[in-house]
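# Commentary on secondary and tertiary structure
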Amino acid sequence: MKPVFESLLPTPIGTVRIQANEDAITRIDFIDDGKHSAFAENDVTLQARAQLKNYFEGTRQVFDLPLAPQGTEFQQACWQALIKIPYGETRYYAEQAQLIQRPSAVRAVGAANGANPISIVVPCHRVIGKNGQLTGYAGGLERKTWLLAHEQDAITDRVRR
């Protein structure tokens, strides 16, 4: 088993934990309890922390990080589809299911998104219910709402300039 490296980033919506092996990001999530083990950073976690900091400042829309999420072949397909959703845009679960050529797998797509280990960078927050309603997000609906508004605000600010 490869060693785990970790960085923490305080954000407007809570502390983000970034975990990586020697080569790639394996997990990005929110930690609410403030409890975490002692950690060692590496170049990969530091790079992710810097890019996420820029994202939260509104100066980064696209991430350029090595990713290594662990999941089934179906989950991997779902997560790859998430990466293709442009910054500031949303998609329906049904659209994501169509994109991976599994149109009847809408609920399974939702479950795969819920299992996404790399929050924000693999933007499952950009997927909403077909009726336009915000649905599940592992980090909580308040955070999903904030992330979507943050992206819209950054786009609006750029258009005004």
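Residues numbered from 1 in each chain as written. Predicted model: local features only at pLDDT ≥ 70, side-chain atom pairs only at ≥ 80, totals over all residues. Heavy atoms only, no water.

### Here's the deal with the confidence of the model for the protein
The predicted coordinates ought not to be read in detail in places where the model reports low pLDDT. Basically, it comes down to this: Scored from 0 to 100, pLDDT records how confident the predictor is in each individual residue. Here a helix means four or more residues in a row that DSSP labels H or I, a strand means two or more in a row labelled E, and each is numbered from the N terminus.
Considering every residue of the protein, the mean pLDDT works out to 90; 93% of them sit at 70 or more. Mean pLDDT in the protein bottoms out at helix 5 (residues 141–160), which sits at 82, and peaks at helix 1 (residues 43–57), which reaches 97.

### Considerations on unusual backbone geometry
Just so we agree on the cut-off: For each residue, the accessible area found with a 1.4 Å probe, counting protein chains only, is set against the maximum for its type, and the residue is called buried under 20%, exposed over 50%, and partly exposed in between.
Of note, the phi angle at Gln-101 is positive, near 65°, even though the residue is not glycine. Counting through the fold element by element, Gln-101 comes out in the loop between helix 3 (93–99) and helix 4 (106–114). On the accessibility criterion, Gln-101 (69% relative accessible area) is exposed. Located in the positive-phi region is Ile-120, a residue other than glycine, with phi close to 70°. Looking at Ile-120, the relative accessible area reads 1%, which means it is buried.

### Here's the deal with the sheet that holds strand 2 (residues 14–20)
In sheet architecture, strand pairing relies on hydrogen bonds along the backbone and comes in two forms, parallel and antiparallel. Our working definition: Any two strands with at least two DSSP bridges between them are considered paired. In this analysis, axes come from line fits to C-alpha atoms, helices being fitted only over the stretch in contact, and the angle between any two N-to-C directions falls in the range 0 to 180 degrees.
The strand order 1-2-3 describes an open sheet built from 3 strands, whose pairing is antiparallel. With partners counted over all chains shown, the strands left at the sheet margins are strand 1 (5–11) and strand 3 (25–31), one partner each. Pairwise comparison of adjacent strand axes, ignoring direction, gives a mean angle of 20° for this sheet. Here strand 2 pairs with strand 3 via 6 bridges, running antiparallel. In the strand pairing of strand 3, Arg-17 is matched with Asp-29.

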